[in-house]
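Reading the structure
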Amino acid sequence: MAGRINDDDVKVVRDAVPIDTVVSEYLQLRPAGGGNMKGLCPFHDEKSPSFQVSPSKGLFHCFGCQEGGDTIAFVMKIDHLSFSETVERLAAKAGITLRYEEGGYNPTHQRGERIRLVEAHKAAADFYVEQLGGEEAAIGRKFLAERGFDQSAAEHFGVGYSPAGWDHLTRFLRGKGFSDKELLLAGLSQDGRRGPIDRFRGRLMWPIRDISGEVVGFGARKLRDDDNGPKYLNTPDTAIYKKSQVLYGVDLAKKDIAKASRAVVVEGYTDVMACHLAGITTAIATCGTAFGTDHIKILRRLLMDNGSARVIFTFDGDAAGQKAALRAFEDDQKFAAETYIAIAPDGMDPCELRLNKGDAAVQDLVEPRTPLFEFAIRQIVSRYDLETPAGRASALDEAGPIVARIKNGASQHEVAVQLAGILGILDTQFVVKRVAQMARWARDRGGRGPAGQASSSPSSSASSSSSSYASGQSPALSGPALNLRSPAHRTERELLKLALQRPELVSPAFDAYGVDEFTAPPYAAVRRAVEDAGGAEQGMASAPEYLAGVREAAPNDAVRALVTELAVEVFHGKTIDESYAGEQLVRVRLRAVDLRIHDVTSTLARLGTGADHERHQAVQNELWVLQQYRQSLRNSGAAAL
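Residues numbered from 1 in each chain as written. Predicted model: local features only at pLDDT ≥ 70, side-chain atom pairs only at ≥ 80, totals over all residues. Heavy atoms only, no water.

Turning our eyes to something else, we now look at helix α16 (residues 372-381). For α16, a buried count of 9 out of 10 residues is recorded, marking the element as mostly surrounded by other parts of the structure. Here α16 has its buried residues at Leu 372, Phe 373, Glu 374, Phe 375, Ala 376, Ile 377, Gln 379, Ile 380 and Val 381. (Buried < 20%, exposed > 50% of the residue type's maximum accessible area, 1.4 Å probe, protein only. Helix = DSSP H or I, 4+ residues; strand = E, 2+ residues; numbered from the N terminus.)

Right under this line is the structure:
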């Protein structure tokens, strides 16, 4: 039985492979003084580098998590290898032949599992590359040529072809000494009726390498119509391949990503190829999964999270691409780098763009980019009618929490100002203060949402709570849906109490008030219930039946409970008479008129001088009428209602 690796050979391996060279395959290192190098620790999450490497001593140490050791210890930990597996891998890189005590030279059956799986993938990659030149693979070569990739491009990226038969690769790897168990564990073969068969058959093959350059999986593209499988088939998760932890092309891009402090994230293998061939050598892609936290960790270690670092997403311009961009934005604040999105005007992906317009067009694609937060905001805002106050308010409620997540105070303020402009809200400070309030709520609640999920702000909880009153759903009572310190909310509450308790004082004027004149959604829901019950005038005949009707008209228990609460709550005024009721009616109406004037003024500002004359004149006329009505309310009070 083979024994351990010869001690002298271990020492030779340790001395032959510089620790800074090995560590640099996983993260960016920069001078730290005294001959040392520093970078972001790969073993714990940090935003300022506390991980140091001493090339002269052959050691590393993290002052944050206290991990440390030599080259072998580093590779063992980061790649989850045994001591023997690590020495064997480093020896292979350095071209060193190892001796094993008690067992002769390098017995294959004793090699570690991970090493064997990597070797199987390397042999498979070589096999696929060779097959690409065969007659059967003509369809694969045609596929590449139609997308602008010649033989040299295929060779550069190691593209190959898997034969359409059942077990060509399986038989080839058996001949190389790999067992059926190893092939199944590697995900290169799968169980068939009569034993293992090839997982990939009749497809174009892209080798997926980890950050150190080892082949750990494959991406396979369907070529024939009679192939009933998915368009792209990836290696399943194995001991060496986790799709959420690999980035296609990172082995080729890592040095330029570190050097330029820029990474370009595209959607597919051909997009990576197109970008690299066009000169954008910092392009990488995920492997059949959404861009997530583990991918961010890989990029952060390469970018070093310095202030000038940039991550540019080039998702397709279609609905799926936009959805992917919004998913990416969910993790935006996990970067210290600035994040952008770049979409070709005609919606083409980088591969299509290069084919149709050349390399220069691909290079230009990532230059006029849009900040990812701005893209996310505009996607949200586009779903609302900004011509109405309700639309602008709803858009602010949904987009505001996104801006509130921006951690840098100055940046948050600047983006809030931009949001006001996008929404057409002239009162910029209102939006800035609203966003700041949302940020405070998020901090106070630890950034947790109503269901205990991260990154959901209390403002969105309040919005959810408010909308649930109107929609008939049970409210999530996690954000302040009502603010009784707000003069508007106090007045609206007082008027609703009058409509429920003393309807004779506010009828018939109250019944002419629209639901949108109540700015708090729960109060708007109560106003709707009064309307659905026949209006406040119904209460002048029989109070018990009237209140029972309003409660019955309430859409859910939450609104029903609020109706009951308002029907028994004490008034704030000392004398409850027609004069007091008139004051509440006028205040609510005045506020509604002021909001409408603000909205119309915003519309005028958006129309600008180049707008259609008739449209511009109509809006100006409405503004004049509203201003006259406001003056009348101020001068005449309830008599002007």
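With that settled, consider the confidence of the model for the chain. For the chain, the average pLDDT comes to 83, and 86% of its residues sit at 70 or higher. When the criterion is pLDDT under 50, residues 104-110 qualifies, and its contacts beyond four places in sequence or with other chains add up to 10 contacts. (pLDDT = per-residue confidence, 0-100. Contact = heavy atoms within 4.5 Å.)

This part covers the sheet that holds strand β4 (residues 59-62). Within a sheet, neighbouring strands are paired by backbone hydrogen bonds and run either parallel or antiparallel to one another. With antiparallel pairing, 5 strands are arranged side by side in an open sheet as β1-β2-β3-β4-β5. Where the open sheet ends on each side, the last strands, each with one partner, are β1 (30-33) and β5 (68-70). Adjacent strand axes in the sheet meet at a mean angle of 25°, parallel and antiparallel pairs treated alike. Here β1 pairs with strand β2 (residues 36-39) via 3 bridges, running antiparallel. For Pro 31, the partnering residue across the bridge sits in β2 and is Met 37. Together, β3 (51-54), β4 and β5 form the strand contacts of helix α3 (residues 71-79), whose direction differs from that of β5 by roughly 120°. (Pairing = 2+ DSSP bridges. Axes fitted to C-alpha atoms, helices over the stretch in contact; angles between N-to-C directions.)

All right, on to the environment of Val 506 then. Tracing the chain through its elements places Val 506 in helix α22 (residues 503-506). Distance from Val 506 to Glu 537, taken between C-alpha atoms, is 8.7 Å for residues 31 residues apart in sequence. Beyond its immediate sequence surroundings of up to four residues, Val 506 is in contact with Leu 495, Leu 498, Ala 499, Ala 581 and Leu 585.

Okay, the packing of aromatic side chains next. Geometrically, a pair of aromatic rings is defined through the distance of the ring centres and the angle of the planes. Within this structure, the stated rule accounts for 17 aromatic pairs. Ring geometry for Tyr 26 against Phe 74: centres 5.7 Å apart, planes inclined by 70°, an arrangement best described as edge-to-face. Of this pair, Tyr 26 sits in the loop between α2 (19-23) and β1 while Phe 74 sits in helix α3, placing them 48 residues apart in sequence. The buried category is assigned to Tyr 26, whose relative accessible area is 5%. According to the relative accessible area criterion, Phe 74 is buried, its value standing at 1%. On the basis of an interplanar angle of 85° and a centroid distance of 5.2 Å, the ring pair of Phe 291 and Phe 313 is categorised as edge-to-face. Here Phe 313 lies in strand β14 (residues 310-313) and Phe 291 lies in the loop between β13 (283-285) and α12 (293-303), a separation of 22 residues in the sequence. Residue Phe 291 is classed as buried on the basis of its relative accessible area of 9%. Taking relative accessible area as the criterion, Phe 313 reaches 1% and is therefore assigned buried. Pairwise contacts between aromatic rings join Tyr 26, Phe 43, Phe 51, Phe 60 and Phe 74 into one cluster. (Phe/Tyr/Trp six-rings, centres within 6.5 Å; stacked < 30°, edge-to-face > 60°.)

Turning to the packing of helix α4 (residues 83-94) against helix α5 (residues 113-131), a few remarks are in order. Relative to each other, α4 and α5 sit at 35°, their axes nearing to 8 Å. Residue-level inspection shows Glu 85, Glu 88 and Arg 89 of α4 in contact with α5, the latter providing Glu 113, Arg 114 and Ile 115. Residues of the contact of α4 with α5, tallied by class, amount to 1 nonpolar, no polar and 5 charged. (Nonpolar A, V, L, I, M, F, W, Y, C, P; charged D, E, K, R; others polar.)

With that settled, the discussion passes to the pairing of β3. Looking at chain direction, β2 and β3 are connected through 3 bridges and run antiparallel. Bridge pairing in β3 links Lys 38 to Gln 52. The pairing of β3 with β4 spans 4 bridges and is classified as antiparallel. Pairing of Val 53 across the sheet is with Phe 60, part of β4.

Right, let's talk about unusual backbone geometry for a bit. Pro 508 follows Ser 507 through a cis peptide bond whose omega is 0°. Considering the arrangement of structural elements, one finds Pro 508 in the loop between α22 and α23 (521-532). In the Ramachandran plot, Gln 66 falls in the positive-phi region, its phi being about 70° despite a non-glycine side chain. Tracing the chain through its elements places Gln 66 in the loop between β4 and β5.

Note that Val 600 resides in helix α26 (residues 578-607). For Val 600, a relative accessible area of 2% corresponds to the buried category. In this structure the C-alpha to C-alpha distance between Val 600 and Leu 626, which are 26 residues apart in sequence, comes to 9.4 Å. The contacts of Val 600, once residues within four sequence positions are left out, are Val 619, Glu 622, Leu 623 and Leu 626.

Per the stated rule, a full pass over the model turns up 29 salt bridges. In this structure, the salt-bridge partner of Glu 67 is Lys 77, at a minimum N-O distance of 3.4 Å. Taken together, the positions of Glu 67 in the loop between β4 and β5 and Lys 77 in helix α3 put the pair 10 residues apart, joining distant regions of the chain. For Lys 77, a relative accessible area of 34% translates into the label partly exposed. Here Arg 596 ties to Glu 622 by a salt bridge, and the two come within 2.9 Å at their closest N and O atoms. Linking Arg 596 in helix α26 with Glu 622 in helix α27 (residues 613-636), this pair joins segments that are 26 residues apart in sequence. Residues joined by salt bridges that share partners form a network here, namely Arg 116, Glu 119 and Glu 182. (Salt bridge = Lys/Arg side-chain N within 4 Å of Asp/Glu carboxyl O.)

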